[in-house]
Amino acid sequence: MLKRYFPILEWGRSYNRDVLTSDLMAAVIVTIMLIPQSLAYALLAGLPPVVGLYASILPLMLYAVFGTSRTLAVGPVAVISLMTASAAGAVAGQGTAEYLEAAITLAFLSGVMLAILGLLRAGFLANLLSHPVISGFITASGILIATSQIKHIVGVKAGGDNWPEMIGALASVIGDINPTTIAIGIPAMMFLFWVRKGAKPALQSLGMPARAADMTAKAGPVVAVALSIMAVIFFDLEAAGVAITGSIPQGLPPFAVPSTDLALIEQLWVPALLISIIGFVESVSVAQTLAAKRRQRISPDQELIGLGASNIASAFSGGYPVTGGFARSAVNFDAGAQTPAAGAFTAVGIALATLFLTPLLYSLPIATLAATIIVAVLSLVDLRTPQRLWHYSKADFAAHAATIAITLLAGVELGVIAGVIVGLLLYLWRASRPHAAIVGRVPETEHFRNVDRHKVFTVPHILSIRIDEALTYLNARWLEEYVLEQVADRPAVRHVILMCSAVNEVDASGLESLEAINHRLGDAKVGLHLSEVKGPVMDRLKRSHFIDELNGQVYLSQSKAFDSLVADDGTPPEPHDQYLARGLI
């Protein structure tokens, strides 16, 4: 029981010097990457930069105790930062104590929700968000985030909660653009784009080993930070209007207390729930992907508890909502992290940075942090998925497109809600119109296939229908109408066989429709038969009066049903298209 809730007891028993060395090396690399990221994402969330550092210390410690992924790196991420800004901005103005309190309360509420869901083993709830919805939301969020940071790149003040507002605000202040800020922001962004693709090959061409070149390239943001700080100091760019981070508090995170104001909690619980679900889906997807590469496994329910503990820790240390990030986790994995202890060592590195390095960040340009965010989030924008979905599934494309459109036009919270609603409505629509096929026997086999897809044998007096869905209240009436319509179109039919090999459940409404079909066919002197009924379904049917009242038989296989009923009038099976040509079917 203890190992289940405290995975550290499992991997901690085999911890040794070799694992320690690997974890420490990974921690150094991730710490270098995480410092500028944490500052940038706090800026995106509308919070003081140091809050991003606070959110990267205790949460990592707690995840090391409760998390099941060996390589997941927890901390501030772009999408959750955007959602935090949206939620906190709805109750307070940025830069105020109330805004920070709202962000801290969001972390606490999110943590409590995640922990409760984990204890209830409710990880399956994340399945409410389909892949097209998640993909659409992340793409739209990436566009929103990148657009929101343009103001810092060009040195203007512009707001907006959705894409049209952001574009309009930028257009209205285009005359206020600061050329000096652009001279910092654009080169920083171009350098970071180059680092992502070109730094590793360039370093390899200089003779550096591939692994070392890759790890060195990951430190590109730190180089951009250092160079831009030196440029601000050397050329006195602050006097030219370049915005800088200014004084960043030095020291370990303070003890913070989430708000107990019920009115505030009432305003924040829905955004906190959305943050929890989005954060969990993103985190568990990353964790499962990385675990599979090493043939490891994670527990989604325990991950809920681990993320919940991390967010509660973030709240009490003055941070804001956190989750597992893909980029950091991938770097952690590639750097050789073996256990969650790598995250704890990273937390120590961030703590040391808050103690000793924050004075060095005084002259850090906001434009550099904005460039870091833009380069990071543009990799989230996937413009190929809509095309693939259009060709594969129009319904999934509709959910994807609706999520993107509503997120861009109405904001992140409504975008998620709309995506879930559209996805559920499309699912209900598909479930209410299940696939059913008229089947015939494949020559010289016992297999039965769709008459419209295969060359099969049938007889005019037998109608075989394969049902490919569970029979529930959503589709029971549709099946009733379908069967009776097919029988009405075939006057020669005297037997109907429902092939139930794909029916996993028959609920009360489905049973009622089967009874109605049985009675209607009985009145028309047509027998109703079932074949290949699964055991659990048959057990439930036997608990009703349906089997006793069935005017036909229940057969173990479709082949036996067909053979038995063919002898009813001696008509030999012939190719289906021949009967069709003669107008018998």
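So, how was this worked out
- Residues numbered from 1 in each chain as written.
- Predicted model: local features only at pLDDT ≥ 70, side-chain atom pairs only at ≥ 80, totals over all residues.
- Heavy atoms only, no water.
- Helix = DSSP H or I, 4+ residues; strand = E, 2+ residues; numbered from the N terminus.
- Contact = heavy atoms within 4.5 Å.
- Areas by Shrake-Rupley, 256 points an atom, 1.4 Å probe, with all protein chains shown as cover.
- Buried < 20%, exposed > 50% of the residue type's maximum accessible area, 1.4 Å probe, protein only.
- Right-handed = clockwise from strand over helix to strand, strands pointing away.
- Phe/Tyr/Trp six-rings, centres within 6.5 Å; stacked < 30°, edge-to-face > 60°.
- 1 Å grid on protein atoms, 1.4 Å probe; cavity = no way out; pocket = protein on both sides within 12 Å on 5 of 7 lines; lining within 4 Å.
- Points joined across faces, edges and corners; volume = space filled by probe spheres on them.
- Nonpolar A, V, L, I, M, F, W, Y, C, P; charged D, E, K, R; others polar.
- Axes fitted to C-alpha atoms, helices over the stretch in contact; angles between N-to-C directions.
- Parallel < 35°, antiparallel > 145°, perpendicular 65-115°, else oblique.
- Patch = residues over 30% accessible without salt bridge, like charges linked within 9 Å, V, L, I, M, F, W, Y side chains within 5 Å.
- Salt bridge = Lys/Arg side-chain N within 4 Å of Asp/Glu carboxyl O.
- Left-handed = near helix turned anticlockwise from the far one by under 90°.
- Expected span 1.5 Å × (residues − 1).
- Bend = angle between axes of the 7 residues up to and from the residue.
- Polar contact = N/O pair within 3.5 Å; in protein donor to acceptor, adjacent residues only side chain to side chain.
- Pairing = 2+ DSSP bridges.
- Core = buried A, V, L, I, M, F, W, Y, C linked by side-chain atoms within 4.5 Å.

Asker: Would you explain the overall build of the chain in this entry?
Answerer: For the chain, the helix and strand inventory stands at 26 helices and ten strands. Expressed as lengths along the three principal axes of its C-alpha atoms, the size of the chain is roughly 100 × 60 × 60 Å. Here the contacts in the chain between residues at least 6 apart in sequence split such that 79% fall between residues at least 24 apart. Counting only carbon and sulfur atoms, one obtains 62% of the accessible surface of the chain, whose full area is about 26,700 Å².

Asker: Just to check I follow, could you spell out the pairing of strand β6 (residues 462-467) for this structure?
Answerer: Side chains on a regular strand alternate between the two faces of the sheet. Burial analysis of β6 places six of its six residues in the buried class, the great majority of the element. Of the crossover connections in this fold, the one passing from β6 over helix α21 (residues 476-488) to the parallel strand β7 (residues 495-499) is right-handed.

Asker: Would you mind showing me how to read the packing of aromatic side chains here?
Answerer: The description of an aromatic ring pair rests on the distance of the ring centres and on the angle between the ring planes. This structure, assessed with the given rule, holds nine aromatic pairs. When the ring of F108 is compared with that of F316, the centres are 5.8 Å apart and the planes differ by 85 degrees; the resulting orientation is edge-to-face. On the criterion of sequence distance, the pair formed by F108 in helix α7 (residues 97-119) and F316 in helix α14 (residues 300-316) is long-range, its members being 208 residues apart. The partly exposed category is assigned to F108, whose relative accessible area is 25%. For F316, a relative accessible area of 29% translates into the label partly exposed. For the ring pair W478 and Y482, a centre distance of 5.1 Å and an interplane angle of 10 degrees mean the geometry is stacked. Taken together, the residues W478 and Y482, both in helix α21 and four residues apart, mark about one turn of the helix.

Asker: Just checking my understanding: could you explain the layout of surface pockets for this structure?
Answerer: By rolling a water-sized probe across the atoms, one finds the places where empty space is left. Put simply, the largest pocket is a space of about 1,400 Å³. Lining of the largest pocket is provided by 48 residues; of these, F326, A327, A376, S379 and L380 occupy positions nearest its centre. Roughly 740 Å³ of internal volume is contained in the second largest pocket. Residue lining of the second largest pocket: 35 residues in total, with L44, A85, Q94, K151 and G160 positioned closest to the centre. Counting residues per element, the ones that place at least two in the lining of the second largest pocket are α3 (17-44), α6 (78-89), α8 (131-154), α9 (163-172) and α20 (412-432). With six residues, α8 is the largest single contributor of residues to the lining of the second largest pocket. Among the residues making up the lining of the second largest pocket, the classes are represented as 18 nonpolar, 14 polar and three charged.

Asker: Quick question: what am I supposed to make of the packing of helix α18 (residues 385-392) against helix α19 (residues 394-410) here?
Answerer: Between two packed helices, what matters for the description is the angle formed by their axes and the separation of those axes. With their axes 6 Å apart at the nearest point, α18 and α19 run at an angle of 150 degrees to one another. By the angle between their axes, α18 is roughly antiparallel relative to α19. Between α18 and α19, the residues in contact are T385, P386, L389, W390 and Y392 and K394, D396, F397 and H400, respectively. By residue class, the composition of the contact of α18 with α19 is five nonpolar, two polar and two charged.

Asker: What is the right way to look at a nonpolar patch on the surface in this model?
Answerer: A surface patch of nonpolar side chains, about 790 Å² in accessible area, is lined by W269, V270, L273, L414, I417, I421, L425, Y427 and L428. Listing elements by their share of the nonpolar patch, those giving two or more residues are α13 (262-293) and α20. No other element matches α20, which puts six residues into the nonpolar patch. Mapped onto the elements of the fold, V270 is located in helix α13.

Asker: How should the packing of helix α10 (residues 179-205) against helix α12 (residues 220-235) be read in this particular structure?
Answerer: Where α10 meets α12, the axes come as close as 10 Å, and the angle between the chain directions of the two elements is 160 degrees. When the interaxial angle is binned, α10 and α12 end up roughly antiparallel. Crossing geometry of α10 relative to α12 is assigned as right-handed. Here I184, F191, L192 and V195 of α10 lie close against α12, whose contacting residues are G220, P221, V223, A224, S228 and A231. When the residues that make up the contact of α10 with α12 are grouped by side-chain class, the tally is eight nonpolar, two polar and no charged.

Asker: Help me understand the environment of V496 in this model?
Answerer: The topology assignment puts V496 in strand β7. Owing to a relative accessible area of 0%, V496 belongs among the buried residues under this scheme. Between the C-alpha atoms of V496 and N518, which are 22 residues apart in sequence, the distance is 9.8 Å. Residue contacts for V496: discarding those within four places in its chain leaves L463, V483, V487, L521, V526, G527, L528 and H529.

Asker: Would you explain the environment of A488 in this entry?
Answerer: Positionally, A488 belongs in helix α21. A488 sits 56 residues away from S432 along the chain, and the two C-alpha atoms are 22 Å apart.

Asker: Explain α13 to me, please; I cannot follow it from the model alone.
Answerer: Each α-helix turn comprises 3.6 residues. Residues three or four places apart therefore point the same way. Taking 1.5 Å of rise per residue, the 32 residues of α13 would be expected to cover 46 Å, and the 45 Å separating its terminal C-alpha atoms lies within 8% of that figure. Bending of α13 peaks at approximately 40 degrees at the position of L268, with proline P271 no more than four residues after it. Two or three places before A263, at the start of α13, stands the capping residue D261, its side-chain oxygen 3.0 Å from that residue's backbone nitrogen. Just downstream of α13, R295 is the residue with a positive phi angle, here 55 degrees.

Asker: Whenever I open this one, unusual backbone geometry confuses me. Can you help?
Answerer: Working note: non-glycine residues mostly have negative phi, and peptide bonds are mostly trans. Positive phi outside glycine occurs at D236, with the angle close to 50 degrees. Position of D236 among the secondary structure elements: in the loop between α12 and α13. Not every positive phi belongs to a glycine, and E532 is a case in point at roughly 55 degrees. Residue classification places E532 among the partly exposed positions, given a relative accessible area of 25%.

Asker: Would you mind showing me how to read the pairing of strand β8 (residues 527-531) here?
Answerer: Within β8, five of the five residues are buried, which leaves the element mostly enclosed by the surrounding structure. Of the two faces of β8, the one holding G527, H529 and S531 and the one holding L528 and L530 are both buried throughout. By the bridge criterion, five bridges tie β7 to β8 in an arrangement that is parallel. Pairing of H495 across the sheet is with G527, part of β8. What joins β7 to β8 is helix α22 (residues 508-523), and the crossover it makes is right-handed.

Asker: So what exactly am I meant to see when it comes to the nonpolar core here?
Answerer: Generally speaking, a soluble globular protein has its nonpolar side chains buried in company with each other. Ranked by internal contacts, the top residues of the largest apolar core, which has 89 residues, are L39, M83, L129, I278 and Y320. Top element by residues in this core is α13. It accounts for 13 residues. Membership of the second largest hydrophobic core comes to 32 residues, among which are L463, V487, L528 and V537.

Asker: Help me understand the side chain of T354, please; the structure alone is not making it clear to me.
Answerer: Take T354: it is sitting in helix α16 (residues 341-356). Apart from the residues lying within four places of it in its own chain, the contact partners of T354 are L53, I57, P249, Q250, G251 and L252.

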